[in-house]
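Residue-level listing of the chains:
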Amino acid sequence: AQSVSQHNHHVILSEAASLELGCNYSYGGTVNLFWYVQYPGQHLQLLLKYFSGDPLVKGIKGFEAEFIKSKFSFNLRKPSVQWSDTAEYFCAVNGPKTNSGYALNFGKGTSLLVTP
Amino acid sequence: EADIYQTPRYLVIGTGKKITLECSQTMGHDKMYWYQQDPGMELHLIHYSYGVNSTEKGDLSSESTVSRIRTEHFPLTLESARPSHTSQYLCASGGPPRGDLSYNEQFFGPGTRLTVL
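Residues numbered from 1 in each chain as written. Chains lettered and ligands numbered in written order. Predicted model: local features only at pLDDT ≥ 70, side-chain atom pairs only at ≥ 80, totals over all residues. Heavy atoms only, no water.

Chemist: A description of the overall build of chain B should follow, citing residues and the corresponding values.
Modeler: Helix and strand counts for chain B come out as zero helices and 11 strands. For chain B, the succession of helices and strands along the chain, N to C, is β-β-β-β-β-β-β-β-β-β-β. Compactness check: chain B gives a C-alpha radius of gyration of 14 Å against a globular reference of 13 Å for 117 residues, within 12% of the reference. Its C-alpha atoms give chain B principal-axis dimensions of roughly 45 × 30 × 30 Å. Within chain B, buried positions represent 49% of all 117 residues. (Helix = DSSP H or I, 4+ residues; strand = E, 2+ residues; numbered from the N terminus. Rg over C-alpha atoms; globule rule 2.2 N^0.38 Å. Buried < 20%, exposed > 50% of the residue type's maximum accessible area, 1.4 Å probe, protein only.)

Here is the structure:
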């Protein structure tokens, strides 16, 4: 079965610091990879996604992620965080798993707090 | 504007009551999903649907049931609520709009936070 691991459950950063959130998955085949963000009181929103092609993908609000197939990783990065980036971040993956309608497998999430 | 809606947003109910959590989407998606999320934990799939009259159970065992009579509507029902059902329930839709290539991006509703006393 697929699994998704997010290494950091709670991260606290000062504004302007750089961010890297780790995500590893366990599936050897073709995958689609996603990072979702949940701001306080809001619903899950797609931050960025990887389907194929350039392994460095750019998302909204200055976020990017790099797919490293050999490491089964899809780490999220942002060079300079802002207070408004305070949120819960979820890594998700789905492969060609036909017995769950292409549902997503999620990590446990990383809670990011950015202090002024 | 295309979106996905869930009602109610919050529900507090007593043990033994029957409840239905509503989910509707105006995105034209065929695939719809229900996930359950507890604080600090990952989302777990409890139900999904490929389209009208299609419903399947997900990876996480759930006593709830779902129906899909219309493309845009995917309600979840608990016949007899128990405290163990206390959780957040997230509805999502995904897959391509009709006629486009297949991608598996999913769009989420705001969730229903259920508390069973």
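Chemist: Outline the overall build of chain A, listing residues and values.
Modeler: Each helix and strand counted, chain A has zero helices and 12 strands in total. Listed N to C, the secondary structure of chain A is β-β-β-β-β-β-β-β-β-β-β-β in terms of helices and strands. Relative to a compact globule of 116 residues, whose C-alpha radius of gyration would be 13 Å, chain A shows 14 Å and is just as compact. Seen along its three principal axes, the alpha-carbon backbone of chain A occupies a region of about 45 × 30 × 20 Å. Relative to its full complement of 116 residues, chain A shows a buried share of 48%. Accessible surface computed for chain A: about 5400 Å², of which carbon and sulfur atoms make up 53%. Across chain A, 9 positive and 7 negative side-chain charges occur, with their mean positions spaced 8 Å apart. (Areas by Shrake-Rupley, 256 points an atom, 1.4 Å probe, with all protein chains shown as cover. Lys, Arg positive; Asp, Glu negative; His and termini not counted. Charge placed at Lys NZ, Arg CZ, Asp CG, Glu CD.)

Chemist: Provide a residue-level description of the interface of chain B and chain A, including the pertinent values.
Modeler: In this assembly, 22 residues from chain B lie in contact with 24 residues from chain A. Taken over both partners, the interface formed by chain B and chain A buries close to 1900 Å², and the fraction arising from carbon and sulfur atoms is 54%. Viewed at the interface, chain A and chain B are joined by one salt bridge. The interface formed by chain B and chain A holds three residue pairs in polar contact (both at pLDDT 80 or more) in total. (Contact = heavy atoms within 4.5 Å. Buried area = accessible area lost by both parts, 1.4 Å probe. Salt bridge = Lys/Arg side-chain N within 4 Å of Asp/Glu carboxyl O. Polar contact = N/O pair within 3.5 Å; in protein donor to acceptor, adjacent residues only side chain to side chain.)

Chemist: Help me get a handle on the pairing of strand E4 (residues 29-37) of chain B, residues and values and all.
Modeler: All names here are of chain B. Burial runs high along E4: eight of the nine residues are buried. Where E4 and strand E5 (residues 43-49) come together, six bridges link them in antiparallel fashion. Across the sheet, residue Tyr33 finds its bridge partner in E5, namely Tyr48. The loop that links E4 with its antiparallel partner E5 comprises five residues; one of these, Gly40, has a positive phi angle of about 75°. (Pairing = 2+ DSSP bridges.)

Chemist: Can you tell me about the pattern of salt bridges, naming the residues and giving the values?
Modeler: Residues and elements named next belong to chain A. Considering all chains together, one arrives at eight salt bridges over all chains under this definition. The partner of Lys58 in a salt bridge is Glu64, and the shortest N-O contact between them spans 2.9 Å. Its relative accessible area of 64% is what places Lys58 among the exposed residues. On the basis of relative accessible area, Glu64 is assigned to the buried category, the value being 19%.

Chemist: Tell me about the environment of Ala17 of chain A, and name the residues and values.
Modeler: Residue and element names in this part refer to chain A. Looking at the element boundaries, Ala17 is found in the loop between strand E2 (10-14) and strand E3 (19-21). Accessibility expressed as a relative area gives 24% for Ala17, which makes it partly exposed. Once the C-alpha coordinates of Ala17 and Val81 are considered, the two residues, 64 residues apart in sequence, prove to be 5.8 Å apart. Among residues more than four places away in sequence, those in contact with Ala17 are Lys78, Pro79, Ser80 and Val81.

Chemist: Could you give me a rundown of the nonpolar core, with the residues and numbers involved?
Modeler: In terms of nonpolar packing, the biggest core is built from 28 residues, with Leu33, Trp35, Leu47, Leu48, Phe74, Leu76 and Tyr89 of chain A touching the most fellow members. For this core, the leading source of residues is strand E10 (residues 87-94) of chain A, giving four residues. (Core = buried A, V, L, I, M, F, W, Y, C linked by side-chain atoms within 4.5 Å.)

Chemist: Give me the lowdown on the sheet that holds strand E1 (residues 4-7) of chain B, citing residues and values where you can.
Modeler: Residue and element names in this part refer to chain B. Pairing within the open sheet is antiparallel, and its four strands lie in the order E1-E3-E8-E7. Of all the strands in the sheet, the pair left with one neighbour each is E1 and strand E7 (65-66). Two strands pair when backbone bridges link them, and strand E3 (residues 19-25) and strand E8 (residues 76-78) are joined in this way by three bridges, in the antiparallel orientation. When the bridges of E8 are listed, Ile19 appears paired with Leu78.

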